[in-house]
Number of protein chains: 2
Amino acid sequence: MSKIADVGRVVPSKRTPDQADVDLLVREIIGRVADKWTMLTLEVLDEHGRLRFTQIGRLIGGISQKMLTQTLREMERDGLLQRTVFPVVPPRVEYELTPSGKSLCAAFCEVWHWAERNHEAVAHARAAFESLAAGSTAEVAR
Amino acid sequence: MSKIADVGRVVPSKRTPDQADVDLLVREIIGRVADKWTMLTLEVLDEHGRLRFTQIGRLIGGISQKMLTQTLREMERDGLLQRTVFPVVPPRVEYELTPSGKSLCAAFCEVWHWAERNHEAVAHARAAFESLAAGSTAEVAR
DNA sequence: CCGGATCCCCTGAGATACTG
DNA sequence: CAGTATCTCAGGGGATCCGG
């Protein structure tokens, strides 16, 4: 948790107290949100709107039910999506992004566009890195 | 690792090959890039410019050397940063973002701003979720 | 039958110690 | 100082079972 307590009297004059706390919280949120499955789930739900459990899993692809359940639970807990249970005979559970979730997806959309623009560069960089691996590991400054 | 790559045998004739491949590659890049440590490393390097190994670790905070090494290697491999080795007596290795890495950071910057704007809402949603946990697990539709 | 909880196994992250 | 090697253990994936 916060090691802020052991700074003692470091603050000489005017430090905003919430500034540090906000920073930590933002760090923690980034750590939780910058997750592979969360981002993919966000994308799928943003693109298709309301979806059922298995639909999400199929659209994401390669996710286990366990991780899907866990990811959806955390996202629901963080207010990113709304979980709706229909009490019908074949169980029907639908997930839909909340405004908060949609805004996060919009923010992450930039990263998505980056990936679209740069996938070639990344593939090329990887190829170059592999071939360089045999030679020098990295650039060496004189 | 990536189960995305196991396309098996693709149909060579009919479908547009690059469209699907691009989609898979983008997916894979998102999966690799949407990583906690990658994002934090990106942020630190973008803010401070050139940094040495231990400096990065200290600025990120709470990362093991193993994960730092691994993260830096992958980012170097993907062309996000440049690794420079100075052959001096105390080893000196400096890391610096490439233009590609900087553009990714700029894209992810939106997510960072989202976290700043929404950390209160997230905290509130969590509190609400906890108190609702005792009652009904989720909203039940008609 | 769908959603998801549970069990088991194995990868992969964290901490520590050691080397160039 | 910048890693690598090794150990340990939590966390993720796969299969199976259960409740509605």
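Novice: How do you make sense of the protein's contact with DNA strand D when you look at a structure like this?
Specialist: In the vicinity of DNA strand D there are 18 residues, among which A:Lys66, A:Met67, B:Thr54, B:Arg83 and B:Tyr95 approach most closely. Counting only atoms of DNA strand D within 4 Å of the protein, the fraction found in sugar and phosphate groups is 69%. B:Thr54 has a polar side-chain atom sitting 2.5 Å from a phosphate oxygen of DNA strand D. The backbone of B:Pro91 places a nitrogen or oxygen atom 3.4 Å from a sugar or linking oxygen of DNA strand D. At the level of secondary structure, the elements contributing two or more residues to the surface near DNA strand D comprise helix H4 (65-77) of chain A together with helix H3 (53-60), helix H4 (65-77) and strand E3 (92-97) of chain B.

Novice: Help me out: how do you make sense of the packing of helix H3 (residues 53-60) of chain A against H4(A) in this one?
Specialist: A pair of packed helices is captured by two measures, namely the crossing angle of their axes and the spacing between those axes. All names here are of chain A. Here H3 crosses H4 at 110 degrees, and the two axes come no closer than 11 Å. It follows that H3 is roughly perpendicular to H4 by the angle criterion. Crossing geometry of H3 relative to H4 is assigned as right-handed. Only Gln65, Leu68, Thr69 and Leu72 of H4 make contact with H3, whose side of the interface consists of Phe53, Ile56, Gly57 and Ile60. Taken together, the residues of the contact of H3 with H4 break down into 5 nonpolar, 3 polar and no charged.

Novice: So what exactly am I meant to see when it comes to the pairing of E3(B) here?
Specialist: One face of the sheet, then the other: side chains in a regular strand alternate in exactly this way. Residue and element names in this part refer to chain B. Taken together, the 2 bridges between strand E1 (residues 51-52) and E3 define a ladder with antiparallel strand orientation. The residue bridging arginine 52 from the neighbouring strand is glutamate 94, located in E3. Here 6 bridges tie strand E2 (residues 81-86) to E3, and the two strands are oriented antiparallel to one another. The residue bridging valine 85 from the neighbouring strand is valine 93, located in E3. Counted between consecutive antiparallel strands, the loop separating E2 from E3 contains 5 residues.

Criteria and cut-off values
Residues numbered from 1 in each chain as written. Chains lettered and ligands numbered in written order. Predicted model: local features only at pLDDT ≥ 70, side-chain atom pairs only at ≥ 80, totals over all residues. Heavy atoms only, no water. Near = heavy atom within 4 Å. Polar contact = N/O pair within 3.5 Å; in protein donor to acceptor, adjacent residues only side chain to side chain. Helix = DSSP H or I, 4+ residues; strand = E, 2+ residues; numbered from the N terminus. Axes fitted to C-alpha atoms, helices over the stretch in contact; angles between N-to-C directions. Parallel < 35°, antiparallel > 145°, perpendicular 65-115°, else oblique. Left-handed = near helix turned anticlockwise from the far one by under 90°. Contact = heavy atoms within 4.5 Å. Nonpolar A, V, L, I, M, F, W, Y, C, P; charged D, E, K, R; others polar. Pairing = 2+ DSSP bridges.

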